[in-house]
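Topology and contacts: notes
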Amino acid sequence: FARVPVLAWLLSIYGIAFLLLVVLFAGDMGGSWAPAVCWLLADQMNFLVPLIVWSLASDVFTAGQGVTVFPKMSRAVYLGQICGLTVATLAPIVFHPSNSELGVWLFAPMLACFSAVVVFPTLLKGATSGVGHGRDESSAESTRATISYVRELPAFNWLWKASFAVMAGGFVMEFLYFDITRQHYHSASDLQSVYAGATLAGFVLCAAVQIWVTPRVLQHRGVAWSLRLLPVLLFAAALIMVVAGVGLSLPVTIGALLLWRLPRWSIDSTARQAAQATIPDERRARTSFLIDLVPMATGLIAVAIPIVITLGTHQRWVAPIFAVVFGFIGWRYANRTVRSEERRVGKECRSRW
């Protein structure tokens with residue numbers, strides 16, 4: 001299907017869902033499952049909407065333009081995340097943390113979704129965007145074709161494998177952060193403020209990196225080299241998290257978490273979008289799904305093993321040991337991504353010569 005109508009339909013569905021949740025919260029009818037549904041909707045938005053938006057951006061801009069344009073787009077993303085996290089940090093302090101009062105804030109994502117349904121098609125009118133191949137193709141056929149396509153591209157094949165390892169290691173870090181934070185804070189409102197505050201600090205740092213660091217790194221070191229930063233820093237962050245797990249130190253835990261999140265939300269994210277801009281438009285969204293979202297989902301499943309072992313032994317340093325191993329594996333695969341891309345560029349240069 002064409003990407004712009006898909007985005008409009010997706011945002012309309014999310015807007016209607018948030019409207020229903022507002023009604024449930026206002027009538028105090030949602031019970032404990034309404035916040036869970038709200039969290040799932042927010043998570044789905046964070047996964048699916050950026051996938052389509054970045055695919056659209058890759059339609060409009062070339063890979064060369066993306067090196068300059070994509071960091072600027074990321075800054076706008078950070079601005080929205082910073083605004084939302086500021087509200088999330090202060091809301092439990094300003095308001096009594098009850099479902100009915102905090103649920104009023106769901107008007108914000110509802111209005112954002114409905115506004116985007118109107119604004120996006122208007123802004124993109126006349127712009128080049130994916131129209132879809134229009135063939136009758138099942139999900140299974142699409143998945144097999146995408147896996148086969150990625151395997152034929154050495155750099156993306158290694159990037160895909162590196163993503164599995166990096167996401168699994170990163171989610172181990174996220175688990176330990178939740179677990180150690182829970183040792184220090186017990187009320188829901190305190191946990192929300194601490195978690196949102198730490199995340200807010202991370203996005204502020206990411207915005208600074210995107211403004212002053214990312215464009216220079218991409219222009220001087222290249223996209224392939226930039227993709228190696230995340231597994232390297234994950235490896236370093238996991239080693240620090242081992243120390244945090246031994247002493248149950250929350251400041252050290254937050255520092256290690258930000259060391260993993262910082263490249264993920266800044267340089268690595270931009271480098272991935274620039275790399276995927278080289279993929280043909282009808283394959284771009286599905287390839288992005290395979291490389292970015294599938295490793296994220298399987299990583300969340302894979303971390304069940306270290307979580308069970310950690311909780312069973314009551315030793316908080318066990319989980320980050322797994323993250324160290326995952327980070328090292330991701331590092332090795334990322335190095336192969338760089339070498340594959342260097343060989344490809346070398347062949348092109350020799351061919352032109």
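Higher on the page you've got the structure.
Structural notes, computed from the coordinates. (Residues numbered from 1 in each chain as written. Predicted model: local features only at pLDDT ≥ 70, side-chain atom pairs only at ≥ 80, totals over all residues. Heavy atoms only, no water.)

Our focus in this paragraph is the environment of Pro231. By secondary structure assignment, the location of Pro231 is in helix α11 (residues 229-247). Judged by relative accessible area, which is 2%, Pro231 ranks as buried. Once the C-alpha coordinates of Pro231 and Tyr333 are considered, the two residues, 102 residues apart in sequence, prove to be 9.1 Å apart. (Helix = DSSP H or I, 4+ residues; strand = E, 2+ residues; numbered from the N terminus. Buried < 20%, exposed > 50% of the residue type's maximum accessible area, 1.4 Å probe, protein only.)

In this section: the packing of aromatic side chains. One pass over the structure, following the stated rule, counts nine aromatic pairs. Arranged with centres 5.6 Å apart and planes meeting at 25°, the rings of Trp158 and Tyr333 form a pair that is stacked. In this pair, Trp158 is assigned in helix α7 (residues 154-184) and Tyr333 in helix α16 (residues 318-352), connecting sequence segments 175 residues apart. Residue classification places Tyr333 among the partly exposed positions, given a relative accessible area of 25%. Here Tyr177 and Phe178 contribute two aromatic rings whose centre-to-centre distance is 6.0 Å and whose plane-to-plane angle is 40°, an arrangement assigned as tilted. (Phe/Tyr/Trp six-rings, centres within 6.5 Å; stacked < 30°, edge-to-face > 60°.)

Here we take up unusual backbone geometry. At Leu248, a residue that is not glycine, the phi angle is positive and equals roughly 50°. Backbone geometry at His314 places phi at a positive 60°, although glycine is not the residue there. Checked against the element boundaries, His314 lands in the loop between α15 (304-313) and α16. Given the relative accessible area of 58%, His314 is considered exposed.

This brings us to the nonpolar core. The biggest cluster of nonpolar side chains holds 27 residues, and the ones touching the most others in it are Val166, Met167, Met173, Tyr177, Met241 and Trp260. Counting residues per element, this core draws most heavily on α7, at nine residues. Once residues within four sequence positions are removed from consideration, Val166 is found in contact with Leu230, Pro231, Leu234, Trp260 and Gly330. With 24 residues, the next largest nonpolar core counts Val4, Leu10, Phe18 and Ala116 among its residues. (Core = buried A, V, L, I, M, F, W, Y, C linked by side-chain atoms within 4.5 Å. Contact = heavy atoms within 4.5 Å.)

With the rule as written, the count across this model stands at five salt bridges. Residue Arg272 is joined to Asp268 by a salt bridge in which the shortest nitrogen-to-oxygen separation is 2.7 Å. Separated by four residues within a single helix, Arg272 and Asp268 lie in helix α13 (residues 267-276), roughly one turn from each other. Each member of the pair, Arg272 as well as Asp268, is classed as buried. For Asp292, the salt bridge identified is with Arg272, shortest N-O distance 2.9 Å. Of this pair, Asp292 sits in helix α14 (residues 281-302) while Arg272 sits in helix α13, and the two are 20 residues apart along the sequence. Asp292 sits in the buried class, given a relative accessible area of 15%. (Salt bridge = Lys/Arg side-chain N within 4 Å of Asp/Glu carboxyl O.)

Attention now goes to empty space enclosed by the protein. Scanning the entire structure with this criterion turns up one cavity of 30 Å³ or more. Approximately 50 Å³ is the volume attributed to the largest cavity. Lining the largest cavity are Leu159, Ala162, Val166, Leu227, Leu230, Pro231, Asp268, Arg272 and Ala334. Breaking the lining of the largest cavity down by element, the ones donating at least two residues are α7, α11 and α13. A total of three residues in the lining of the largest cavity trace back to one element, the largest contributor, which is α7. Tallied by class, residues from the lining of the largest cavity come to seven nonpolar, no polar and two charged. (1 Å grid on protein atoms, 1.4 Å probe; cavity = no way out; pocket = protein on both sides within 12 Å on 5 of 7 lines; lining within 4 Å. Points joined across faces, edges and corners; volume = space filled by probe spheres on them. Nonpolar A, V, L, I, M, F, W, Y, C, P; charged D, E, K, R; others polar.)

Moving on: a nonpolar patch on the surface. Together, Ile16, Leu19, Leu20, Val23, Met29 and Phe114 make up an exposed nonpolar region whose accessible area comes to about 540 Å². The leading source of residues in the nonpolar patch is helix α1 (residues 3-26), at four residues. (Patch = residues over 30% accessible without salt bridge, like charges linked within 9 Å, V, L, I, M, F, W, Y side chains within 5 Å. Areas by Shrake-Rupley, 256 points an atom, 1.4 Å probe, with all protein chains shown as cover.)

Further remarks concern a positive patch on the surface. A cluster of basic residues, Arg151, Lys161, Arg332, Arg336, Arg339 and Arg343, forms a positive patch on the protein surface. Here Arg332 is to be found in helix α16. (Lys, Arg positive; Asp, Glu negative; His and termini not counted. Charge placed at Lys NZ, Arg CZ, Asp CG, Glu CD.)

Let us look at the packing of helix α8 (residues 188-212) against helix α9 (residues 214-221). Each pair of packed helices can be summarised by the angle the axes make with each other and by the distance between the axes. α9 packs onto α8 with a crossing angle of 45° between their chain directions and a minimal axis gap of 4 Å. It follows from the interaxial angle that α8 and α9 lie oblique. For the pair formed by α8 and α9, the contact residues are Val209, Gln210, Ile211 and Trp212 on the first element and Thr214, Pro215 and Arg216 on the second. Of the residues assigned to the contact of α8 with α9, the class counts are four nonpolar, two polar and one charged. (Axes fitted to C-alpha atoms, helices over the stretch in contact; angles between N-to-C directions. Parallel < 35°, antiparallel > 145°, perpendicular 65-115°, else oblique.)

A separate point is the side chain of Thr146. Assignment of secondary structure puts Thr146 in helix α6 (residues 139-151). Reaching out from Thr146, the side chain makes a polar contact with the backbone oxygen of Ser142 at a distance of 2.8 Å. When near neighbours in sequence (up to four residues on either side) are disregarded, Thr146 contacts Arg286, Thr287 and Leu290. (Polar contact = N/O pair within 3.5 Å; in protein donor to acceptor, adjacent residues only side chain to side chain.)

These results come straight from atomic positions and should not be treated as a statement about function.
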